[in-house]
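# Architecture at a glance
Here is how the chains run, residue by residue.
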Amino acid sequence: MPRIVMGIESSCDETGVGLVRLHDDGTVELLADAVASSVDQHARFGGVVPEVASRAHLEAMVPTVHRAFADAGLKLSDVDAIAVTAGPGLAGALLVGVSAAKAYSAALEVPLYGVNHLAGHIAVDTLQHGPLPAPCLALLVSGGHTQLLRVDDIASSITELGSTVDDAAGEAYDKVARLIDLPYPGGPPIDKAAADGDPAAIAFPRGMTGPRDAKFDFSFSGLKTAVARWVEAAERRGEPIPVSDVAASFQEAVADVLTAKAVRAAKESGIGTLVISGGVAANSRLSALAKQRCADAGIELRVPRPRLCTDNGAMIAALGAHVVAADRPQSSLDISANPALPVGTVSV
Ligand code: KG4
Ligand code: ZN
């Protein structure tokens, strides 16, 4: 069975290359996690520009592979299998990773596994906290996704319980940051500004929490609009914007809805473990509130460290190792990138 798995990630603005070792007992050990980000090149546009991201992947791919091997003290010939993000993500960006993975697979004569980016965000937690109990619940919150997932087997069985009907949670952070003149990406500066603000200063709406709303779906565009209206009104009155209070009140609304729905889903499904992952999982209020609400409900909470939560290659290597361990079929060399790969398809 393959032992050393290389993972390649290029679905958005991070070029990630991870190396892991699959042990006989099924545990997966992190050996290297090299990431090159093009985030600075997108900052002035307030969001990721696909063409710019694709070109940055092209330039960063081979150097990032070499850096991962140097960090791990391994040679290319030590690799036993290659996993790559096949989707979902930006088409052009995904293509760079898939093409690179195919080239390495053919040149090194090792099997290729095209895997799902979203499942990777969950699988990465096994690098820090060990094997996932089955079933477990995953709350995936990033710049592109906001989903509640039931995971019966990380290598083969993931079911969506709910998702956002409009903006992703991270997208809401990025848009709100713009409204209050904070830089892109908006998550970290809002998190920081909120530390000095009053989360109860402004009663922003909790989207999709009405009695007739889908229990496990999310909506953040109404919240973003509410923040925009509030800021506009204050500006019309000629008042300075209380950035910290707006940030804290907005952040409270996001964390409240995410944790309330996740805990409710866990309780209703009788699931005892919640994993929160994706870039927004790094948010201090989200993790604090999740910790408190999970403790109250008797649910075990697992949140990977921030470096593993944002896009990286280690998450793809980890998922690849679980797919290998489960003896799932390898991918053919003619797989294509699928920008809309459904979350239920763990490997292609
Ligand atoms: O998972 P990720 O790195 O990339 C995607 O797959 O989207 O997530 C990036 C998103 C951005 O929207 C960023 O604003 C958000 O994660 N983010 C945060 C924090 N750190 C990053 N949101 C809230 N609080 C944070 N501390
Ligand atoms: Zn992601």
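Here's a quick rundown of the structure. Computed from a predicted model, the values in this text were never measured in an experiment.

Definitions and cut-offs
Residues numbered from 1 in each chain as written. Chains lettered and ligands numbered in written order. Predicted model: local features only at pLDDT ≥ 70, side-chain atom pairs only at ≥ 80, totals over all residues. Heavy atoms only, no water. Pairing = 2+ DSSP bridges. Helix = DSSP H or I, 4+ residues; strand = E, 2+ residues; numbered from the N terminus. Axes fitted to C-alpha atoms, helices over the stretch in contact; angles between N-to-C directions. Contact = heavy atoms within 4.5 Å. Near = heavy atom within 4 Å. Polar contact = N/O pair within 3.5 Å; in protein donor to acceptor, adjacent residues only side chain to side chain. Areas by Shrake-Rupley, 256 points an atom, 1.4 Å probe, with all protein chains shown as cover. Buried < 20%, exposed > 50% of the residue type's maximum accessible area, 1.4 Å probe, protein only. Lys, Arg positive; Asp, Glu negative; His and termini not counted. Salt bridge = Lys/Arg side-chain N within 4 Å of Asp/Glu carboxyl O. Donors = N, O, S within 2.8 Å, 3.2 Å for Na, K, Ca; no water. Tetrahedral: all angles 85-135°; square planar, octahedral: opposite > 155°, others 65-115°.

Strand order in this open sheet of 5 strands is S8-S7-S6-S9-S10, and the pairing throughout is mixed. Edge positions in the open sheet fall to strand S8 (157-163) and strand S10 (300-302), since each of these has one partner strand only. This sheet shows a mean twist of 25° between the axes of neighbouring strands, independent of strand direction. Summarising the sheet, strand S7 (residues 146-153) and S8 pair through 6 bridges and their orientation is antiparallel. Bridged to Leu149 within S8 is Glu160. Here helix H9 (residues 243-269) sits on the sheet in contact with strand S6 (136-141), S7, S8 and strand S9 (273-277), set at roughly 160° to S6.

Around ligand 1 sit 21 residues in total, of which Gly143, Asp174, Gly187, Gly279 and Asn283 are the nearest. Take Gly170: an N or O atom from its main chain is 3.1 Å from an oxygen atom of ligand 1. Asp311 has a polar side-chain atom sitting 3.1 Å from an oxygen atom of ligand 1. Protein chains bury 88% of the 560 Å² of accessible surface belonging to ligand 1 in isolation.

It is worth spelling out the side chain of Asp174 at this point. By the secondary structure assignment, Asp174 is in helix H6 (residues 169-179). The charged side chain of Asp174 is buried without a salt bridge, its nearest counter-charge being Lys175 at 9.0 Å. Within the local environment of Asp174, its side chain forms a polar contact with the backbone nitrogen of Gly186, the two atoms lying 2.7 Å apart. For Asp174, the contacting residues outside a window of four places in its chain are Tyr184, Pro185, Gly186 and Gly187.

Let us look at the coordination of the zinc ion (ligand 2). At this site the zinc ion (ligand 2) is bound by His117 (NE2), His121 (NE2) and Asp311 (OD), with donor distances of 2.1 Å. Taken together, the 4 donor atoms surrounding the zinc ion (ligand 2) define angles of 91 to 141° at the centre, an arrangement classified as irregular. Within one chain, the residues serving as donors to the zinc ion (ligand 2) are arranged as H-x3-H-x189-D. With His117 in helix H4 (residues 117-123) and Asp311 in the loop between helix H11 (306-309) and helix H12 (314-325), the pair connects residues that are 194 residues apart, well separated along the chain. The same class applies to His117 and to Asp311, which are both buried.

Okay, the pairing of strand S1 (residues 4-9) next. Among the 6 residues of S1, 6 are classified as buried, and the element is accordingly described as predominantly covered. Residue alternation in S1 divides its side chains into two sets, Ile4, Met6 and Ile8 and Val5, Gly7 and Glu9, and both sets are buried. Strand direction decides the pairing type here: S1 and strand S2 (residues 14-22), joined by 6 bridges, are antiparallel. Its bridge partner being in S2, Gly7 is matched across the sheet by Gly18. Counting the residues between successive antiparallel strands, the hairpin from S1 to S2 contains 4 residues. For S1 and strand S4 (residues 81-87), the ladder comprises 4 bridges, and the chain directions are parallel. Residue pairing for S4: Gly7 is matched across the bridge by Ala83.

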